[in-house]
Amino acid sequence: MPGIPPVLTQAQVVDYSFMEIKNLKELVDSDSPEETGKAQEIVKLKGMTSLRISSNEIDDLENFHKYIDMVIENATDLQWLDLSYNKIPRIGLTMEPFKNVSVLYLQANNISKFGDLKALANLPSLTNLALHGNPVAAKKHYRNYVVHLLPRLHKLDFSCITKKERVRSQTWAQIFRKKLKGKKEDDE
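Conventions and cut-offs
- Residues numbered from 1 in each chain as written.
- Predicted model: local features only at pLDDT ≥ 70, side-chain atom pairs only at ≥ 80, totals over all residues.
- Heavy atoms only, no water.
- Helix = DSSP H or I, 4+ residues; strand = E, 2+ residues; numbered from the N terminus.
- Buried < 20%, exposed > 50% of the residue type's maximum accessible area, 1.4 Å probe, protein only.
- Contact = heavy atoms within 4.5 Å.
- Areas by Shrake-Rupley, 256 points an atom, 1.4 Å probe, with all protein chains shown as cover.
- Core = buried A, V, L, I, M, F, W, Y, C linked by side-chain atoms within 4.5 Å.
- Phe/Tyr/Trp six-rings, centres within 6.5 Å; stacked < 30°, edge-to-face > 60°.
- UniProt positions renumbered as here; feature names shortened; annotations may be inferred.

1. Re the overall build of the chain
Item 1. When its secondary structure is counted, the chain shows three helices and eight strands.
Item 2. For the chain, the N- to C-terminal ordering of α and β elements is β-β-β-α-β-β-β-α-β-β-α.
Item 3. Considering the chain as a whole, with its 188 residues, one finds that 44% of them fall into the buried category.
Item 4. Counting only contacts in the chain whose residues sit at least 6 apart along the sequence, the fraction spanning at least 24 positions is 65%.
Item 5. Of the roughly 10000 Å² of accessible surface on the chain, a fraction of 50% belongs to carbon and sulfur atoms.

2. Here we look at the nonpolar core
Item 1. Counting residues in each nonpolar core, the largest one holds 48 residues, and the members touching the most others are L51, I53, F64, I68, L117 and V146.
Item 2. Contributing elements (two or more residues each) for this core: α1 (64-71), α2 (142-149) and α3 (163-179).
Item 3. Top contributing element to this core by residue count: α2, with five residues.
Item 4. The contacts of L117, once residues within four sequence positions are left out, are I91, I111, L131, V136, Y145, V146 and L149.

3. Observations regarding the packing of aromatic side chains
Two aromatic rings are characterised by how far apart their centres lie and by the angle between their planes.
Item 1. Under the defined criterion, the tally for this structure stands at five aromatic pairs.
Item 2. Arranged with centres 5.6 Å apart and planes meeting at 75 degrees, the rings of W80 and Y105 form a pair that is edge-to-face. Here W80, found in strand β4 (residues 80-82), pairs with Y105, found in strand β5 (residues 103-105); they are 25 residues apart in sequence, far enough to count as distant. Pair check on accessibility: W80 and Y105 agree, each one buried.
Item 3. Aromatic side chains Y145 and W172 sit 6.2 Å apart centroid to centroid with 85 degrees between the ring planes, which places their arrangement in the edge-to-face category. Of this pair, Y145 sits in helix α2 while W172 sits in helix α3, and the two are 27 residues apart along the sequence. The pair formed by Y145 and W172 is uniform in burial state, with each residue classed as buried.
Item 4. Grouping aromatic residues by their ring pairs yields a cluster made of W80, Y105 and F158.

4. So, the environment of F176
Item 1. Counting through the fold element by element, F176 comes out in helix α3.
Item 2. Separated by 35 residues in sequence, F176 and H141 place their C-alpha atoms 9.4 Å apart.

5. A closer look at the UniProt feature "domain: U2A'/phosphoprotein 32 family A C-terminal" (unreviewed entry) in the chain
Item 1. Summarizing the sequence annotation, UniProt attributes the feature "domain: U2A'/phosphoprotein 32 family A C-terminal" (unreviewed entry) to residues 64-82 and 139-157 in the numbering used throughout.
Item 2. Helix makes up 42% of residues 64-82 and strand 16%, whereas the separation of the span's terminal C-alpha atoms amounts to 13 Å.
Item 3. Counting secondary structure, residues 139-157 comes out at 42% helix and 11% strand; the distance between its end C-alpha atoms is 14 Å.

What follows is the structure, given as structure tokens:
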């Protein structure tokens with residue numbers, strides 16, 4: 001198989017962690033001399049529900065779905081994604097095709113703006129999200145913002161979201177957000 005071969009740790013789990021991946025294109029391209037000049041067919045992995053690409057050096061999720069679709073059959077059926085401990089600065093719409101993802105680990109990346117989290121609202125199944133270790137998690141009102149933005153979440157940063165937090169985030173949204181009317185969320 002061209003590109004970096006995954007470690008299949010358990011049934012339905014594909015693991016590309018700790019492979020020093022810098023660019024997602026490496027998942028499908030190989031620079032090994034024996035493969036140079038040969039057109040090789042990529043064999044797609046079937047029945048996968050979980051994908052780990054943690055602890056690498058990925059700094060751009062552009063075309064994420066394209067590359068994942070090339071290595072996993074029915075990639076949009078993935079339910080669990082671990083992209084933690086990389087250098088990812090923004091999410092963008094790259095996650096939008098993954099409507100079935102319920103667990104998303106993005107901790108210890110470089111996400112710094114509240115506006116970069118808005119795309120996560122397009123994941124209707126998302127119930128468990130980890131963002132701690134990103135600059136955005138150190139911002140004032142971080143937890144209120146995320147709980148308000150993603151009302152279906154059950155856990156944020158491995159902590160259960162309580163009813164009290166949900167009420168507090170709604171109150172925050174009604175009061176504090178009015179002050180932000182003139183200020184761009186992306187700049188927060």
